[in-house]
Amino acid sequence: MDINLSQIDEILSTARSVRRKLDFDRPVERQVLFDCINVAVQAPTGLGGESWRFIVVDDTAQKGAIAGLYREVLLELMAARNLPLKPSHKALITHLHRIPAMIFVCVDGQPPAEASGGQLGFYGSILPAAWSLMLALRARNIGATWTSLLAARQAEVARILAMPAGTMQTVMLPVGYTKGATLRRADRLPAEQVTFFNRWGNQPDT
Ligand SMILES: Cc1cc2nc3c(=O)[nH]c(=O)nc-3n(C[C@H](O)[C@H](O)[C@H](O)COP(=O)(O)O)c2cc1C
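In this text the structure is predicted, and so the values were computed from the model without any measurement.

Rules used throughout
Residues numbered from 1 in each chain as written. Predicted model: local features only at pLDDT ≥ 70, side-chain atom pairs only at ≥ 80, totals over all residues. Heavy atoms only, no water. Patch = residues over 30% accessible without salt bridge, like charges linked within 9 Å, V, L, I, M, F, W, Y side chains within 5 Å. Areas by Shrake-Rupley, 256 points an atom, 1.4 Å probe, with all protein chains shown as cover. Salt bridge = Lys/Arg side-chain N within 4 Å of Asp/Glu carboxyl O. Helix = DSSP H or I, 4+ residues; strand = E, 2+ residues; numbered from the N terminus. Pairing = 2+ DSSP bridges. Contact = heavy atoms within 4.5 Å. Axes fitted to C-alpha atoms, helices over the stretch in contact; angles between N-to-C directions. Buried < 20%, exposed > 50% of the residue type's maximum accessible area, 1.4 Å probe, protein only. Polar contact = N/O pair within 3.5 Å; in protein donor to acceptor, adjacent residues only side chain to side chain.

Asker: Would you mind going over a nonpolar patch on the surface in detail, with residue names and values included?
Answerer: A cluster of nonpolar side chains, Met1, Ile3, Leu5, Ile8 and Leu12, forms an exposed patch at the surface whose accessible area comes to about 580 Å². Topologically, Leu12 is positioned in helix H1 (residues 5-13).

Right under this line is the structure:
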């Protein structure tokens, strides 16, 4: 197999949030979204198996309702934490109703109530697919933001999306083709500083 490693590493390293530099007037083709979701469903899944469901919202009224809810949750959160609204977040709430599509990564199931390995299995069987989806979008110059704010308002989202009882949504990716966005690597600690060998804290001198 002929793999271009540097291109793959570049995609994996630069899937940043894109909230501003998006083409709000260019639809993202449904076939392209299917292609990306077909990549996403190759992610690992636990015992429940393939319980992911994706709800793509590209209807104007639905987008308006979700954008209104998102704005409300974000403003409440910032007020509760006494934090100023960052310009990029402000830009997203200003234009969210115009985003070409919102993709809700949903589960046909509910997490176990008790904090246990079961929760790890539950979320571990859905979030890798959401991340693969974001990477597949990034590879096609489609910008997205990993958002989980709406998880705080499951019931209202479920009503807007007509989700049946026993299902839930995890993250919502607002997506659009990027327009003049330069996506760079984030400033992260290098592997040498966050990796131990054999025992916690054991780092080679080199
Ligand atoms: C668990 C999680 C939840 C997030 N929820 C939101 C959100 O609701 N809205 C939002 O605009 N960004 C959200 N983000 C994106 C972060 O605010 C940030 O933009 C993103 O992690 C990119 O920063 P980085 O490039 O340093 O990773 C979330 C990120 C993570 C990991």
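Asker: Can you break down the sheet that holds strand S3 (residues 142-143) residue by residue, with the values?
Answerer: On the basis of which strands lie adjacent, the open sheet formed by 4 strands has the order S1-S2-S4-S3 and antiparallel pairing. At either margin of the open sheet sits one strand with a lone partner, and together these are strand S1 (52-57) and S3. With 6 bridges connecting them, S1 and strand S2 (residues 101-107) associate as antiparallel partners. When the sheet's bridge partners are listed, Val57 is paired in S2 with Met102. Contacts from helix H2 (residues 30-40) reach S1, S2, S3 and strand S4 (168-177), with the element oriented near 160 degrees to S1.

Asker: An account of unusual backbone geometry is needed here, citing residue identities and associated values.
Answerer: The backbone of Glu50 sits at a positive phi, close to 45 degrees, despite the residue not being glycine. Residue classification places Glu50 among the exposed residues on the basis of a relative accessible area of 54%. Its identity as a non-glycine residue notwithstanding, Ala162 has a phi of 55 degrees, on the positive side. Here Ala162 lies in the loop between helix H7 (154-161) and S4.

Asker: Can you lay out the side chain of Thr147 for me, pointing to particular residues and giving the numbers?
Answerer: Take Thr147: it is sitting in the loop between S3 and H7. Within the structure, Thr147 has its side chain in polar contact with the backbone oxygen of Met172 (distance 2.7 Å). The residues touching Thr147, leaving out its near neighbours within four places in the chain, are Tyr70, Thr170, Val171, Met172 and Pro174.

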